[in-house]
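What follows is each chain in one-letter form.
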There are 2 protein chains.
Amino acid sequence: MEKLKKYVSVKDEDHFYQQGAVELLIFNFLLILTILTIWLFKNHRFRFLHETGGAMLYGLVMGLIIRYVTKSSDVESGTVYECEKLKTGPSTLLINITNQVYEYQYKREISHHNVNGHQGNAMLQKMTFDPPIFFNILLPPIIFHAGYSLKKRHFFRNLGSILTYAFLGTAISCIVIGLIMYGFVKAMVHIDQLNQGEFHFTDCLFFGSLMSATDPVTVLAIFHELNVDTDLYTLLFGESVLNDAVAIVLTHSISIYSPKENPNAFDAAAFFQSVGNFLGIFAGSFAMGSSYAVVTALISFMHLTKFTKLCDFPVLETGLFFLLSWSAFLSAEAAGLTGIVAVLFCGVTQAHYTYNNLSPDSKRRTKQLFEFMNFLAENVIFCYMGLTLFTFQNHIFNPLFIFGALVAVFVARASNIYPLSFLLNLGRKQKIPRNFQHMMMFSGLRGAIAFALAIRDTGSQPKQMMFSTALLIVFFTVWVLGGGTTPMLTWLQIRVGVDPDEDLKAKAASQSASNLDKNTTKAESAWLFRVWYGFDHKYLKPLLTHTGPPLTSTLPEWCNPVARLLTSPSAYGDHLKDDDTVYIINNDELTENYESSAHISVPAQESTGSIQATGKEDLQEGDLGLGGYKLQLQHTAGQPQKN
Amino acid sequence: MEKLKKYVSVKDEDHFYQQGAVELLIFNFLLILTILTIWLFKNHRFRFLHETGGAMLYGLVMGLIIRYVTKSSDVESGTVYECEKLKTGPSTLLINITNQVYEYQYKREISHHNVNGHQGNAMLQKMTFDPPIFFNILLPPIIFHAGYSLKKRHFFRNLGSILTYAFLGTAISCIVIGLIMYGFVKAMVHIDQLNQGEFHFTDCLFFGSLMSATDPVTVLAIFHELNVDTDLYTLLFGESVLNDAVAIVLTHSISIYSPKENPNAFDAAAFFQSVGNFLGIFAGSFAMGSSYAVVTALISFMHLTKFTKLCDFPVLETGLFFLLSWSAFLSAEAAGLTGIVAVLFCGVTQAHYTYNNLSPDSKRRTKQLFEFMNFLAENVIFCYMGLTLFTFQNHIFNPLFIFGALVAVFVARASNIYPLSFLLNLGRKQKIPRNFQHMMMFSGLRGAIAFALAIRDTGSQPKQMMFSTALLIVFFTVWVLGGGTTPMLTWLQIRVGVDPDEDLKAKAASQSASNLDKNTTKAESAWLFRVWYGFDHKYLKPLLTHTGPPLTSTLPEWCNPVARLLTSPSAYGDHLKDDDTVYIINNDELTENYESSAHISVPAQESTGSIQATGKEDLQEGDLGLGGYKLQLQHTAGQPQKN
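From a predicted model like this one, the values you see are computed outputs, not experimental measurements.

Reading the values: the criteria
- Residues numbered from 1 in each chain as written.
- Chains lettered and ligands numbered in written order.
- Predicted model: local features only at pLDDT ≥ 70, side-chain atom pairs only at ≥ 80, totals over all residues.
- Heavy atoms only, no water.
- Helix = DSSP H or I, 4+ residues; strand = E, 2+ residues; numbered from the N terminus.
- Buried < 20%, exposed > 50% of the residue type's maximum accessible area, 1.4 Å probe, protein only.
- Contact = heavy atoms within 4.5 Å.
- Areas by Shrake-Rupley, 256 points an atom, 1.4 Å probe, with all protein chains shown as cover.
- Axes fitted to C-alpha atoms, helices over the stretch in contact; angles between N-to-C directions.
- Parallel < 35°, antiparallel > 145°, perpendicular 65-115°, else oblique.
- Left-handed = near helix turned anticlockwise from the far one by under 90°.
- pLDDT = per-residue confidence, 0-100.
- Nonpolar A, V, L, I, M, F, W, Y, C, P; charged D, E, K, R; others polar.
- Salt bridge = Lys/Arg side-chain N within 4 Å of Asp/Glu carboxyl O.

Next up on the list: the overall build of chain A. When helices and strands are tallied, chain A shows 26 helices and three strands. Expressed as a percentage of the 643 residues in chain A, the buried residues total 61%. Across chain A, the fraction of contacts at a sequence separation of at least 24, relative to all contacts at a separation of at least 6, is 82%. Of the roughly 25300 Å² of accessible surface on chain A, 65% is carried by carbon and sulfur atoms.

Shown next as structure tokens:
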């Protein structure tokens, strides 16, 4: 008899394995369907449905099937058991049921009003996977890929505008959504749809911050495919990348904002603490991310010079690169900072330094690996979003709240883009035209980050209402706005089919011609970047990569023994070669002009018959995009050595 | 007050995230250390420690630290609570503790005697992740990679021997270990180290089957690096790949062998049911794996011909390939078959058909992706093995059992290799020399599969004893035998630095010279392969890939409209080209001679000045390794069309 029981338990175990396989299989199946559909669509040049939209659609259908076709098997799961002996919930619970001990693992705390939702259906519960999976596994590759694939030349050309939209714009958006939602919440309380005191202003701000993370992946894919104007692409891409980081840290800061007394009254101390939190977490995450990248650069640099055989093992190199980048994320999370921000800046720094040290094989491998992971993770998330509309068991759909959120999201986007564009246009040489502004306004899609932030806490009723609303807004924006991108481009008469390099050269040339007279007056405006760039070029680049002048020429003479040890032998060669391209420019504005110099310097290089022309291209792409400064500073630095 | 409590719970949630990040970070850290160490070792040509051995070592050290440095935080977790209301353990348990409902998720059933082991230390419990993670996530990429990277030419040259070692050898090994262990168990009962009736003969056989899965990854890595004799490499690699599949299915069959009455008596019906199970599961898994690969081949084939734009999106192509291959694994698991076996044959079939249809970019991408995943998964598993020696809380180390297992493993390996080699040498032209046999005997390492099979069930005391013993044997074989590979190669005077292609040609040439007279007598011995190959070449290859003759020439005339639709336009071209290389051979034994024809046919190709020389190489690599047959049959098939 006991024997028999053992075999039954073995079969239970097997069933447990099968269950896990079925869930994964469902996701696989949905992703395969998505890929096939998108393949078909791309082939017929249908652009109204992006792969993420498709994934979401299939997820929705599958969620519907799971919800209404599978029957509730687990009758007892809705029942709450009493346990008087326990004071707090331990992480593992051992329970004796009919003389057999079972181990249970802590999952979460549940509000009393949610208990009913748990009636039934083990399948539904299995399909709702834990938020940590999003945050620790699915999001990092997406964000890292965004940082790693950032086109630095174009990005830094528009850096000022991008930072303005990302920081100031997100803050505006957060506050506007918070205010509008607070109005709607008050109205809901007034018509008795909501209890007084359930929804505080901080909750509205929390909702505002999570809804401020834009994710125009659909729009950007279409832009990329149609070769839309590079400036517009860069503005949107840069904004969405940085804006995610800002929104995440903002959400975190607001969630730990705890005024001492009345939660509706303004508490200056708590407010400033939140601002301090925001700055501290942002800076800490930035530091964490970039330091991991610097470590990677140092290791890969040492490999190439001292242990020359190491680039023979691209798998090890790629593995190290992958693990260190992921560690940046995990360390930040473990330290209580924001991993997503860390991994973003880790990606940017890896692209800036480490990428140059990798063997050509590893360069290709890392790029393709992260591209692939990004693709999979993105589609899994969107697929899961679709699923969750039917499988999540505590949805609260409040029509007034949803309507309010839709209004708030659009008003907030408008009060972000139009006023800021106006302000930026005052300073910009290359104005942001009206149709670009409309397009940016239109591209305020919400996606993975908003969803991930909303699902992170669904314990209380306000949070559940926010989650349900956020989900619907993601659906709406991805399908309606994403699908309308191509018609919108036509309607706004935005240029398509632009060759990014040609475009840049043309713009730069026209700019430099008209601006040469203003050079001296505005020379100081970019001094911060000059200082940083000088430091980067003179010390960091030679220390961390093989490019730039040798440290022996940039460091003071007494440091020579150390400098010689640290400089890559190939740096000397580069340095001498660069001396030929002596070229001094006095450009006035960093975000405008540096590219023109890079452009003009190309013929000089070509005339020296350099074989490393393609290598140079990479190098310019890889040095903060400050090609012009590089040449200028190199010349100055090279001078003493020559004499 | 309630507000405050809410914030506390938010912080708990955050703590939960941080905890997850710390665990992953520990693994990352260990893997980074491993990579750096191995990089150093490879550079200094130390070969006594392979990366997997290093990962295991670091895991061990980290396990030691976690065990003895972190303190037990969770005091209550050792207590068992009573619950009279429940009859069975539900998958989710809601418990009311001091007016707050907590959700708990079912983890496993625990024997009463294990309860004490759960005293303390949440960290330890976090670090012991679930067996499903091994089976659903870590193992599939390793096994798929083995199948995908199989060198088919060399594999099929030694197919007979490999199948003998894998099937017959594993069965012998399982029975020998089972018998020896049964003897030791009897002895242990005799000296009162074990209770009568706790350890049945089926348990011993179960242990025998799981310990029969060899994993000479360390040895193979060294072989690869030193270019050891190709036949030896192929025999070992082929044996270890197939032997995993056999051992897994065998273990499963034994675990569900349930004699009706006395578990020690032999029950013929139950035995034959187990044999039937073995065959059914093996065949089913094989069918599942290969059918997914055929579906992939069909899809990728359609893409290339009908929707020609599809190979422009290598990410989609790679994604589809990856997802369908993983689905093969998951479907087999969901259907109650063995996913590992399915994914192995899926890998082999993908390499045979689909690989030919992929765009060059996707070919490289899929290869590199699986290489990378294999690398990571392998090191995570070995790292985890090291960790688990100290973090697993229910180890039972019985010195006599461990000693018995060590003896059994070596005796079983000897009674597998030597008698089978003797038998095989009777039939083989190219004998397996004594020193190869010794080397194969020596390479009986145990690794990931044995561990994964052992950890799958650690509920009862016998199973825990098996798990602890298996773990120690893995440690011993990986470090001692793995570390001794290079000295052993020298001592046995085995050739190193062999160019595989040259070697094959030389052997084939010497063979074909001496064997031409026996051709006619043994022509039938390989008829099964001829039939299969003919079918594959005439119908499957043209249907699933772009190689082979057009279907219009191989199918009956009335099928022409369909055939024309299904044939790739490029097949006609290939076909015509191949006609030039008319070459008929009457080879006597498939595993011996087919390669000679491929060898001789190469100059013929070269003399026609084919530009597609490298394409041809791929093609030969990709067609079951039956290069000779291919040419022969193509000629016959081409004849009717010519007339």
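All right, on to the packing of helix α6 (residues 159–190) of chain A against helix α9 (residues 230–255) of chain A then. Residues and elements named next belong to chain A. Running from amino to carboxyl end, α6 crosses α9 at an angle of 40 degrees, the nearest separation of the two axes being 8 Å. Taken together, α6 and α9 sit at an angle that is classed as oblique. Relative to α9, α6 is oriented so that their crossing is right-handed. Residue-level inspection shows Ser161, Ile162, Leu163, Tyr165, Ala166, Phe167, Thr170 and Cys174 of α6 in contact with α9, the latter providing Thr234, Leu235, Gly238, Glu239, Leu242, Asn243, Val246, Ala247, Leu250 and Ile254.

Another point: the confidence of the model for chain A. Residue and element names in this part refer to chain A. In the predicted model, chain A carries a mean pLDDT of 72, and the fraction of residues at 70 or more is 64%. Low confidence marks residues 1–13, where pLDDT is under 50. Its contacts with residues over four positions away, or in another chain, come to twelve contacts. Contacts for the low-pLDDT stretch residues 514–526, under 50 throughout, to residues beyond four places or in other chains number 14 contacts. For this predicted complex, the interface confidence reaches an ipTM of 0.76, while the overall pTM sits at 0.78.

All right, on to the packing of α6 of chain A against helix α14 (residues 399–427) of chain A then. Residues and elements named next belong to chain A. Closest axis-to-axis distance for the α6/α14 pair is 8 Å, and the angle between their directions is 150 degrees. One finds that α6 runs roughly antiparallel with respect to α14. Of the two elements, α6 crosses α14, and the hand of that crossing is right-handed. When the residues that make up the contact of α6 with α14 are grouped by side-chain class, the tally is 21 nonpolar, eight polar and no charged.

Turning to the pattern of salt bridges, a few remarks are in order. All names here are of chain A. Across all of its chains, the model carries eight salt bridges over all chains by this definition. Close ionic contact of Arg365 with Asp361 constitutes a salt bridge, the shortest N to O distance being 3.4 Å. Taken together, the residues Arg365 and Asp361, both in helix α13 (residues 360–391) and four residues apart, mark about one turn of the helix. Residue Arg365 is classed as buried on the basis of its relative accessible area of 10%. When its relative accessible area of 23% is taken as the criterion, Asp361 is described as partly exposed.

Unlike most non-glycine residues, Gln493 of chain A shows phi in positive territory, near 55 degrees. Although it is not a glycine, Asn227 of chain B adopts a positive phi angle of roughly 50 degrees. In this structure, Asn227 of chain B sits in the loop between α8 (217–226) and α9 (230–255).

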